[in-house]
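As a plain string of letters, each chain reads:
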Amino acid sequence: TNELTVKESWARPNFGPNGAAYLKIKNTGDQKRHLIGAASPLADRVELHNHSHENGIMKMRRLIDGVEIKPDEEVSFQPAGKHIMLFGMKKKLKQGESYPITLKFKDGKEQEVIIKIKK
């Protein structure tokens, strides 16, 4: 079976039209899984991104090929690293609120995650 455990899903309050979500995904199954995208009813567009340092400059790049999660591996989406970008958010979110994100995988499976707003 392909089992994924998602934990520590959170986001900061968003003040403009864009936001970022963070979480940890652990693959407890025996097959690799490939996260290729995400969606949320709260945003016009959701993309997987990564921060990288190049010549002392922090750059943000879209992870066009997604993220592979090997068996027994845990992948962290966190500030200054991999993260889920939400563009065109339909409302401002305050601490204590939450919203759903649907993770989309290469094998056609989807998994909904609730993102909690924290400071």
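Presented here is an overview of the structure given in this document. The structure displayed is predicted, hence computed values, not measured ones.

## Some details on the environment of Leu35
Link 1 in the chain: With respect to the helices and strands, Leu35 occurs in strand β3 (residues 33–39).
Link 2 in the chain: In this structure, the C-alpha to C-alpha distance between Leu35 and Lys90, residues 55 residues apart in sequence, is 24 Å.

## Here's the deal with the environment of Lys7
Link 1 in the chain: Mapped onto the secondary structure, Lys7 falls in strand β1 (residues 4–11).
Link 2 in the chain: Within the local environment of Lys7, its side chain forms a polar contact with the side chain of Glu74, the two groups lying 3.2 Å apart.

## A word on empty space enclosed by the protein
Link 1 in the chain: Applying the stated criterion across every chain yields a total of one cavity of 30 Å³ or more.
Link 2 in the chain: Taken as a whole, the largest cavity holds about 40 Å³ of empty space.
Link 3 in the chain: Around the largest cavity, the lining residues are Ala11, Arg12, Asn14, Gly19, Ala20, Leu86, Met89, Leu93, Tyr99 and Ile117.
Link 4 in the chain: The residue inventory of the lining of the largest cavity, partitioned by class, reads seven nonpolar, two polar and one charged.

Definitions and limits used
Residues numbered from 1 in each chain as written. Predicted model: local features only at pLDDT ≥ 70, side-chain atom pairs only at ≥ 80, totals over all residues. Heavy atoms only, no water. Helix = DSSP H or I, 4+ residues; strand = E, 2+ residues; numbered from the N terminus. Polar contact = N/O pair within 3.5 Å; in protein donor to acceptor, adjacent residues only side chain to side chain. 1 Å grid on protein atoms, 1.4 Å probe; cavity = no way out; pocket = protein on both sides within 12 Å on 5 of 7 lines; lining within 4 Å. Points joined across faces, edges and corners; volume = space filled by probe spheres on them. Nonpolar A, V, L, I, M, F, W, Y, C, P; charged D, E, K, R; others polar.

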